[in-house]
2 protein chains.
Amino acid sequence: MHDIVWGEIVSKPKVFEKPTGVKDYLPEAVAKLRSIEYEVLQCMERWGYRQIITPTLEYYDTVGAASSTEDRKLFKLLDRNGTTLVLRSDMTAPIARVVSSLLKDEPFPVRLSYHSNVFRAIEEEAGRDSEFFQTGVELVGDASSEADAEVIALAVACLQAAGVRAFKIALGHVGFLNGLLHEMLKGRDGAQAALKECLLNRDYVGYREKLKELKLSNEAQKELEGLLRLRGGEEICRQAQQLTDDPVAQQSILHLCQIWEVLKAYGVSEHVSIDLTMIGDFSYYTGMTFEGYAADLGFPVCSGGRYDNLLKLFGRPAPATGFALKTNRIMEVAGKQPAEAPYRVLIAYDAAHREEAFRAAKEMRARKGMSVETRLIAGAGELHAESLPGGSYRVQGKTYRDVVQFL
Amino acid sequence: MHDIVWGEIVSKPKVFEKPTGVKDYLPEAVAKLRSIEYEVLQCMERWGYRQIITPTLEYYDTVGAASSTEDRKLFKLLDRNGTTLVLRSDMTAPIARVVSSLLKDEPFPVRLSYHSNVFRAIEEEAGRDSEFFQTGVELVGDASSEADAEVIALAVACLQAAGVRAFKIALGHVGFLNGLLHEMLKGRDGAQAALKECLLNRDYVGYREKLKELKLSNEAQKELEGLLRLRGGEEICRQAQQLTDDPVAQQSILHLCQIWEVLKAYGVSEHVSIDLTMIGDFSYYTGMTFEGYAADLGFPVCSGGRYDNLLKLFGRPAPATGFALKTNRIMEVAGKQPAEAPYRVLIAYDAAHREEAFRAAKEMRARKGMSVETRLIAGAGELHAESLPGGSYRVQGKTYRDVVQFL
């Protein structure tokens, strides 16, 4: 299809290539990924969350629009009727669709879990994957701080189940931030947006510079600078309450204090710190948001938050909260090794002993943890099994724990 | 985006809709699908097959072209450079790509397994899914009848592991059919294609009519009619050998006889019948092909075959054989119920007893098979638990095996 175009050589994809931004997982990586998937889904099940699967393709006009992924980051294609479809970019919007349609008679609260690949176009330009895995939950139909604390405590349990040893959850509230900025910068939407952009990028130097440019009253400038110090433990709730009179901000802080109380009852508050400078990366968040950071990794390994306005886009208004683990990143930090590698055995046989060999293979395969390959050989001299330290054998470039011959 | 177009109303997708041909799997279906996936992958692992995962998106010019899916059935999209991508339509071509690239130094034979969703456009017009699951293996680098028999015996083991109780494997060989038709209808390519089309559709009446139209010699007509009787057990191999002198057909039958011998040694020949009228539905098949049929289901539940020319398209020529279970169809026939449903418990508590309640929940969740939801209530009167026959409880539309209150 591609050839010389206006003097510029655009070569065909080479046969061994895959598209940029997507990847192959070889057996060892799959074993690790599958182990994390299994442990995390099991954990979610124990907390009463039931798993669902939704299609890879969704309508652009509905789920695509609701998904809060930037339009240019959606993979789009046309169906035969000319309707635009997207590859799902998250699972929250599809689940909102299902809760509002197939599950519309299911009483609230609805607890759902998933493990799924999701897609973001042009991420490869930033060195990120265009297709990656998320494992998450949605708790729909419960507006309480109890529900928010439940998903945070569950995120802690899931990170532990996945084998992430050291991590910290940062907890914020978009209502507090919006209320505070609204109070201090009434009518100056551009200034509010610019400050939020700095916070989203954790660019605190830029934030301070922007603040100076805004030429606010001394008091306002001090309070907005004070925001940057609102990171820490329980005490932050009290400090934040004194910082603002805005009713939305006050309400948000109250909700956050209540979440903290519940987290203490769960015994997980040691894993959590309040960070009121945090903005969730999804535009549909309406309440608390949180991110999980593993030691030694610059990116969050999970993110979540409350989204009370999404469900009504699908015709069943309801408050909701949830999170997604960034499963690929967890693969990088999870200390836990996947379930024990199988005990690999090679059974070699000649044609005269085939039945005997297959019978032995069948018996071994019935035992837990065994993986048995069979191979026809001409005679005793054909198989060169090299002994390895530790009692394994190397046969034609592969390692086996045992080699059995039927000759 | 859509509105009134030339007087014809093309309405927007409704918010609760998903694209046609794709579906949502609710928790009960997911439990069944996941159980089949787990059991089958475990079975493949026991036979020495290691799991891989490849990306959803592949290049149209490489994997798309090699996949043997009709062009109009490929989902296509453009990447930012204008290169055409496809949603994978099977896993055989992607695995051929991986074996030839990432695994190019891995010595043969290479045994790989997968569980994956695959995509076929416009299938919804025939009432079929556009996205569905396949669970399969590829055995690459072994041209022997031993390898062919191994994947057939493994298919039998996998169908049993998936809980398919009654099934039959039909075994054919594209080489025999091609050789016979080539011998009888030398140079008449159109006639050969027309007869193959009838066989592919299992339209034996049409086959006989086409034969008459061709006005062949009595002997040729008799032999080509005789093909239709080449369905049965071991004896078919001998009958087929007498039907043709074509060397390709003879060679094919010899290979099939050898496969049968190995299948007997596996003890699975009772599940297999030879059907020399069978054509595999993939154009890349070069040798034996097989399909598994479950009782009471018109469609095959698995299909496989030998494809010795595919790997060289990716630069590492090698013989290969394999199969895929049609996992969605197996969901319909698998008698096996998914692993026991969890023991669901509701723990209700008031704010004063939150810690106690969470501690109890944590203890219960640590026990195998337990699934525990928690709920804050105002007091003793709030929760209406209706006793059900069998000792369960109904609370606000949901069923629990146990309800515990901390008040």
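Everything numeric here is computed off the predicted structure, so don't read it as measured data.

1. Description of the environment of H182 of chain A
All names here are of chain A.
Logical step 1: Mapped onto the elements, H182 comes out in helix α5 (residues 174-184).
Logical step 2: By relative accessible area, H182 is classed as partly exposed at 39%.
Logical step 3: Sequence-wise, H182 and Y114 are 68 residues apart; in three dimensions their C-alpha atoms are separated by 36 Å.
Logical step 4: Apart from the residues within four sequence positions on either side, H182 is in contact with Q192 and D246.

2. Overview of the nonpolar core
Logical step 1: Judged by nonpolar contacts, the single largest core of 92 residues is most densely connected at F176, L224, L276, F290 and F323 of chain A.
Logical step 2: Here the element with the most residues in this core is helix α4 (residues 145-161) of chain A; it accounts for 12 residues.
Logical step 3: Excluding anything up to four places from it in sequence, L276 of chain A contacts G172, H173, F176, L177, L227, L230, R231, I236, A240, I253 and L256 of chain A.
Logical step 4: Judged by nonpolar contacts, the second largest core, of 91 residues, contains V164, L228, I279 and A294 of chain B.

3. Side note on the relation of the copies chain B and chain A
Logical step 1: Expressed as a screw operation, the relation of chain B to chain A combines 0.0 Å of axial shift with a rotation of 180 degrees, fitting to an RMSD of 0.1 Å. Here the symmetry operator amounts to a two-fold rotation axis. Measuring from the rotation axis to each C-alpha of chain B, the shortest distance belongs to L77 of chain B, at 2.7 Å.
Logical step 2: Most of the interface of chain B is mirrored in chain A, where 100% of its interface residues again form contacts.

4. Points about the interface of chain B and chain A
Logical step 1: At the interface, 90 residues of chain B touch 90 residues of chain A.
Logical step 2: Interface area, chain B with chain A, both sides summed: about 8,100 Å², of which 58% is carbon and sulfur.
Logical step 3: Together, I53, Y59 and R365 of chain B form the three largest contributors to the area buried by chain B at its contact with chain A, with a combined 8%.
Logical step 4: One can count 10 salt bridges joining chain B with chain A.
Logical step 5: At the surface where chain B touches chain A, the tally comes to 30 residue pairs in polar contact (both at pLDDT 80 or more).
Logical step 6: For the side of chain B that touches chain A, the element with the most residues is helix α1 (residues 27-46) of chain B, which contributes nine residues.
Logical step 7: In the side of chain B that touches chain A, the residues fall into 44 nonpolar, 17 polar and 29 charged.

5. A word on the confidence of the model for chain A
Residues and elements named next belong to chain A.
Logical step 1: In the predicted model, chain A carries a mean pLDDT of 90, and 95% of its residues have values of at least 70.
Logical step 2: The low-confidence segment residues 1-10 (pLDDT under 50) makes 14 contacts with residues lying over four places distant or belonging to another chain.
Logical step 3: Complex prediction metrics read pTM 0.92 and ipTM 0.91.

6. Some details on the packing of aromatic side chains
Working definition: an aromatic ring pair is given by the centre-to-centre distance plus the angle between the planes.
Logical step 1: Summed over the entire model, instances satisfying the criterion amount to 16 aromatic pairs over all chains.
Logical step 2: On the numbers, 5.6 Å between centres and 55 degrees between planes, the contact of Y284 of chain B with Y307 of chain B is tilted. Residue Y284 of chain B is located in the loop between β11 (272-275) and β12 (288-294), and its partner Y307 of chain B is located in the loop between β13 (300-306) and β14 (320-326); the two are separated by 23 residues in the primary sequence.
Logical step 3: Through successive ring pairs, a cluster of aromatic residues spans W47 and Y266 of chain A together with Y349 and F358 of chain B.
Logical step 4: When the ring centre of W47 of chain B is taken as origin, the NZ or CZ atom of R365 of chain A, which lies over that ring, is 3.8 Å away.

Procedures and definitions
- Residues numbered from 1 in each chain as written.
- Chains lettered and ligands numbered in written order.
- Predicted model: local features only at pLDDT ≥ 70, side-chain atom pairs only at ≥ 80, totals over all residues.
- Heavy atoms only, no water.
- Helix = DSSP H or I, 4+ residues; strand = E, 2+ residues; numbered from the N terminus.
- Buried < 20%, exposed > 50% of the residue type's maximum accessible area, 1.4 Å probe, protein only.
- Contact = heavy atoms within 4.5 Å.
- Core = buried A, V, L, I, M, F, W, Y, C linked by side-chain atoms within 4.5 Å.
- Least-squares fit on C-alpha atoms with pLDDT ≥ 70 in both.
- Buried area = accessible area lost by both parts, 1.4 Å probe.
- Salt bridge = Lys/Arg side-chain N within 4 Å of Asp/Glu carboxyl O.
- Polar contact = N/O pair within 3.5 Å; in protein donor to acceptor, adjacent residues only side chain to side chain.
- Nonpolar A, V, L, I, M, F, W, Y, C, P; charged D, E, K, R; others polar.
- pLDDT = per-residue confidence, 0-100.
- Phe/Tyr/Trp six-rings, centres within 6.5 Å; stacked < 30°, edge-to-face > 60°.
- Lys NZ or Arg CZ within 6 Å of the ring centre and 35° of its normal.

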